[in-house]
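If you want the building blocks of each chain, they are given just below.
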Amino acid sequence: THGVVSGLREADLNLRVALRLRALLEATGVRVVMTRSRTARTSMGNIARARIANRAGAALFLRIHADGSTDPAARGTHTLYPALRRGWTDDVYGESRRAAQDVQRELRAALGFPDRGLQERSDFTGFNWADVPVILVEMGFMTNRTEDRLLATPAYQRRAALGLCRGTLRFLGRPTSACG
């Protein structure tokens, strides 16, 4: 998707926040492995991303996104995690759900957008191929004029990164104050 006001592409917004988050987490001593550090023309795909997280033995595979909707009034932050599927996600289900709760609470508080809660999903290849805890955050709606305008600013990108940092550290059992 892209911003209805800003024109910013979702991939570019996601990367801006991810790069800020990487700096915050690394400053706390967390090792970060990125699936990308620049915007490419074609996606490597969700299975390849899950394999990167698996090979890294990630404590958390955090996927950063922004939402879109045909309803321009749709607003809010929500976090997705894998549904319980025997043989696919049963080994990461509980930890993924806990991570989703921790990150959603901190991200929503940092951005101040409405809380759309948590959602289990069984149809995401990035979830079904992950052998480590995995979540996907939807920071806000780029198809909502207010949220798009805010998410396009460096200040809100910093706020998103800070919320994601605090949620990640909370999940890891570390002090959230280390994020700043």
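Residues numbered from 1 in each chain as written. Predicted model: local features only at pLDDT ≥ 70, side-chain atom pairs only at ≥ 80, totals over all residues. Heavy atoms only, no water.

The helix and strand inventory of the chain stands at 6 helices and 4 strands. Ordered by position from N to C terminus, the α and β elements of the chain give α-α-β-β-α-β-α-β-α-α. Here the chain has a C-alpha radius of gyration of 15 Å; the compact-globule value for 180 residues is 16 Å, and the two agree. Burial analysis of the chain (180 residues in total) assigns 44% to the buried set. Looking at the chain alone, contacts between residues at least 24 apart form 77% of all its contacts between residues at least 6 apart. (Helix = DSSP H or I, 4+ residues; strand = E, 2+ residues; numbered from the N terminus. Rg over C-alpha atoms; globule rule 2.2 N^0.38 Å. Buried < 20%, exposed > 50% of the residue type's maximum accessible area, 1.4 Å probe, protein only. Contact = heavy atoms within 4.5 Å.)

Once that is clear, we can look at the sheet that holds strand S4 (residues 134-141). Sheet strands associate in pairs through backbone hydrogen bonding, adopting either a parallel or an antiparallel arrangement. Pairing is mixed in the open sheet, where 4 strands are placed in the order S1-S4-S2-S3. Strand pairing shows two members of the sheet lacking a second neighbour, strand S1 (61-67) and strand S3 (115-121), which therefore form its edges. Ignoring which end each strand starts from, the neighbouring axes of this sheet average 20 degrees apart. In terms of strand pairing, strand S2 (residues 77-82) meets S3 through 6 bridges, oriented parallel. The residue bridging His78 from the neighbouring strand is Gly117, located in S3. Most of the contacts of helix H1 (residues 10-27) go to S1, to which it runs at about 140 degrees, and overall it touches S1 and S4. The strands touched by helix H3 (residues 93-111) within the sheet are S2, S3 and S4, with S2 carrying the most contacts at an inclination of about 170 degrees. (Pairing = 2+ DSSP bridges. Axes fitted to C-alpha atoms, helices over the stretch in contact; angles between N-to-C directions.)

With that settled, the discussion passes to the state of the cysteines. Inspection of the entire model under this criterion finds 1 disulfide. Two residues share a disulfide in this structure: Cys165 and Cys179, whose sulfurs sit 2.0 Å from each other. Handedness here is read from the sign of the S-S torsion; for Cys165 and Cys179, about -85 degrees, the answer is left-handed. Here Cys179 lies in the segment after helix H6 (154-172) and Cys165 lies in helix H6, a separation of 14 residues in the sequence. Just as Cys165 is buried, Cys179 falls in that class too. (Disulfide = S-S within 2.5 Å.)

Moving on: the environment of Thr143. Position of Thr143 relative to the elements: it lies in the loop between S4 and helix H5 (145-151). Classification of Thr143 by relative accessible area gives buried; the value is 12%. A sequence separation of 70 residues divides Thr143 from Ala73, and the C-alpha atoms of the two residues are 8.2 Å apart. Once you skip the residues sitting within four places of it in the chain, Thr143 turns out to touch Thr1, Val4, Asp67, Gly68, Ser69 and Pro72. Engagement of the side chain of Thr143 in a polar contact is seen with the backbone nitrogen of Ser69, the distance being 2.9 Å. (Polar contact = N/O pair within 3.5 Å; in protein donor to acceptor, adjacent residues only side chain to side chain.)

In this section: the pattern of salt bridges. Inspection of the entire model under this criterion finds 7 salt bridges. We note a salt bridge from Arg9 to Asp12, for which the minimum N-O separation is 3.0 Å. With a relative accessible area of 23%, Asp12 lands in the partly exposed category. A salt bridge links Asp102 to Arg105; the nearest nitrogen and oxygen atoms lie 3.5 Å apart. (Salt bridge = Lys/Arg side-chain N within 4 Å of Asp/Glu carboxyl O.)

Moving on, we come to the side chain of Glu138. The topology assignment puts Glu138 in strand S4. The buried charged residue Glu138 lacks any salt bridge, with Arg121 as its nearest oppositely charged partner at 6.9 Å. At a separation of 3.4 Å, a polar atom in the side chain of Glu138 contacts the main-chain amide nitrogen of Ala66. One polar contact links the side chain of Glu138 to the main-chain amide nitrogen of Asp67, over a distance of 3.1 Å. When residues no more than four places from it in sequence are discounted, the contact partners of Glu138 are His65, Ala66, Asp67, Gly76, Thr77, His78 and Leu80. (Lys, Arg positive; Asp, Glu negative; His and termini not counted.)

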